[in-house]
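# Chain and residue survey
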Amino acid sequence: QKEVEQDPGPLSVPEGAIVSLNCTYSNSAFQYFMWYRQYSRKGPELLMYTYSSGNKEDGRFTAQVDKSSKYISLFIRDSQPSDSATYLCAMISGAGSYQLTFGKGTKLSVIP
Amino acid sequence: GAVVSQHPSWVICKSGTSVKIECRSLDFQATTMFWYRQFPKQSLMLMATSNEGSKATYEQGVEKDKFLINHASLTLSTLTVTSAHPEDSSFYICSASSRQHNEQFFGPGTRLTVL
């Protein structure tokens, strides 16, 4: 079993839809959770960064962490064609550790 | 956010040749740099971690003699793919972090195609 599982998709939604992206993990040591967006043939860029269980909101994006279930989600409201990209979840095990463990990434297409 | 650049962005080479990829932190001093490899439709896989002035730490299964990493200064790390073969064709991405930044900043990636 891989440490981080993420459905690669692809996922296609109409413009304006709410998108739900998810990852599960098996390593209880993971403490910090990130979501990255990666456009085709580009490096990933950090979208959201969370630590504790619960929700964190930033504009149209909401990151949700449930440590008891080892489950994290990213919600995108009012999705736009410019949101079309691959979304990767990533995790770090502890303070001072910079080593990221990535999910496989979910390819999202938002259709106008 | 901090900016990380990579050069070249795309390189095509013949089998058996060596290729050097540069990773630079443009507006901060990177105490740690990371090198990842990403195959099509796959996640980023960490290859090695390098701290300025010391030898890189390679992940299991990554040949240190094939993928030479040099982190000679706080703003530059290089990855040299020696005697490249077609199976080395991939997207190579670096990232950089520092004590003042509690995250990794990623470069735009280098696409390597070995013929």
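Computed from a prediction, not measured in an experiment: that's the story for all the values here. Residue positions are given per chain, counting from 1 as you read along its sequence in written order. Chain letters and ligand numbers both follow the written order, the letters beginning at A and the numbers at 1. Given that this is a predicted model, residues contribute local features only at a pLDDT of at least 70 and side-chain atom pairs are listed and counted only at 80 or more, while totals for whole chains, interfaces and linings are drawn from all residues. Side-chain numbers come from the whole structure's heavy atoms, not from hydrogens or water.

### Quick word on the overall build of chain A
Going by this rule: The helix and strand labels rest on DSSP assignments: H or I over at least four residues marks a helix, E over at least two residues marks a strand, and numbering proceeds from the N terminus. Between the two quantities, the radius of gyration covers C-alpha atoms and the globule rule is 2.2 Å times the number of residues to the power 0.38. Contact definition: two residues touch when any of their heavy atoms are within 4.5 Å. Under the convention used here, a 1.4 Å probe and the Shrake-Rupley method define accessible areas, while residue burial counts only the protein chains that appear.
Within chain A one finds zero helices and 11 strands. Relative to a compact globule of 112 residues, whose C-alpha radius of gyration would be 13 Å, chain A shows 13 Å and is just as compact. Dimensions of chain A along its principal axes, counting C-alpha atoms only, are 40 × 30 × 25 Å. For chain A, long-range pairs separated by at least 24 residues make up 54% of all intrachain contacts whose partners lie at least 6 apart in sequence. About 5400 Å² of surface is accessible on chain A, with carbon and sulfur atoms providing 48% of the total.

### A closer look at the state of the cysteines
Selection criterion: Throughout, a disulfide means two cysteine sulfur atoms within 2.5 Å of one another. Working definition: with a 1.4 Å probe on protein chains only, accessible area under 20% of the residue-type maximum means buried, over 50% means exposed, and in between means partly exposed.
Applying the stated rule across the entire model yields two disulfides over all chains. Two residues, Cys23(A) and Cys89(A), share a disulfide whose sulfurs are 2.0 Å apart. Linking Cys23(A) and Cys89(A), the disulfide has an S-S dihedral of approximately -100° and is accordingly described as left-handed. Within this pair, whereas Cys23(A) is found in strand β3 (residues 19-25), its partner Cys89(A) is found in strand β9 (residues 85-92), the two being separated by 66 residues in sequence. Across this residue pair, the class does not change: Cys23(A) and Cys89(A) are buried. Between the sulfur atoms of Cys23(B) and its disulfide mate Cys94(B) the distance is 2.0 Å. Classification of the bridge connecting Cys23(B) and Cys94(B) rests on its S-S torsion, roughly 80°, and on that basis the disulfide is right-handed. In this pair, Cys23(B) is assigned in strand β3 (residues 19-25) and Cys94(B) in strand β9 (residues 90-98), connecting sequence segments 71 residues apart. No difference in accessibility class separates Cys23(B) from Cys94(B), as the two residues are buried.

### Quick look at the nonpolar core
For clarity, the threshold we go by: Throughout, nonpolar core names a set of buried Ala, Val, Leu, Ile, Met, Phe, Trp, Tyr and Cys residues whose side chains join them through atoms within 4.5 Å.
Of all hydrophobic cores here, the largest spans 26 residues; its most connected members are Val4(B), Phe28(B), Trp35(B), Phe67(B), Leu79(B), Tyr92(B) and Leu112(B). Those elements giving two or more residues to this core turn out to be β2 (10-13), β3, β4 (32-38), β5 (45-51), β7 (67-73), β8 (76-81), β9 and β11 (110-114) of chain B. When sequence neighbours within four positions are dropped, the list of residues in contact with Phe67(B) reads Arg37(B), Met47(B), Tyr58(B), Val62(B), Leu79(B), Thr80(B), Val81(B), Asp88(B) and Tyr92(B). By size, the runner-up hydrophobic cluster in this structure holds 24 residues, among which are Val4(A), Leu21(A), Cys23(A) and Tyr25(A).

### A few points about the pattern of salt bridges
Under the convention used in this document: The term salt bridge refers to a side-chain nitrogen of Lys or Arg lying within 4 Å of a carboxyl oxygen of Asp or Glu.
Inspection of every chain in the model, using the stated rule, returns five salt bridges over all chains. As a salt-bridge pair, Asp83(A) and Arg60(A) come within 2.8 Å of each other at their nearest N and O atoms. Pair noted here: Asp83(A) is in the loop between β8 (71-76) and β9 and Arg60(A) is in the loop between β6 (54-58) and β7 (61-66), with a separation of 23 residues, a long-range link. Classification of Asp83(A) as buried rests on a relative accessible area of 1%. For Arg60(A), a relative accessible area of 26% corresponds to the partly exposed category. Residues Arg24(B) and Glu22(B) are paired through a salt bridge, measuring 3.4 Å at the closest nitrogen-oxygen approach. Residue Arg24(B) is classed as partly exposed on the basis of its relative accessible area, which comes to 34%.

### Structural notes on the sheet that holds β3(A)
Residues and elements named next belong to chain A. Test applied: Only strands joined by at least two bridges in the DSSP assignment are considered to pair.
Across the sheet, which stays open at both edges, the five strands sit in the order β1-β3-β8-β7-β6 with antiparallel pairing between neighbours. Every other strand in the sheet has two partners, leaving β1 (4-5) and β6 as the edge strands with one partner each. Bridging between β1 and β3 involves two bridges; their strand directions are antiparallel. Within β3, the position partnered with Val4 by the bridge is Tyr25.

### Section: the interface of chain B and chain A
Under the convention used in this document: Two parts placed together each lose some accessible area; with a 1.4 Å probe, that loss summed over both constitutes the buried area. Identification of polar contacts relies on pairs of N or O atoms within 3.5 Å, with a donor-acceptor requirement for protein atoms, meaning one able to donate a hydrogen and the other able to accept it, and with residues adjacent in sequence counted only if both atoms are side-chain atoms.
Contact with chain B, which involves 24 residues of that partner, is made by 15 residues of chain A. Note on chain B versus chain A: buried area summed over both sides is about 1600 Å², and carbon and sulfur give 54% of it. Taken together, chain B and chain A are joined by zero salt bridges. Connecting chain B to chain A are three residue pairs in polar contact (both at pLDDT 80 or more). Those elements that place two or more of their residues in the side of chain B that touches chain A are β4, β5, β9 and β10 (101-106) of chain B. When residues of the side of chain B that touches chain A are assigned to their parent elements, the largest contribution, five residues, is made by β10(B).

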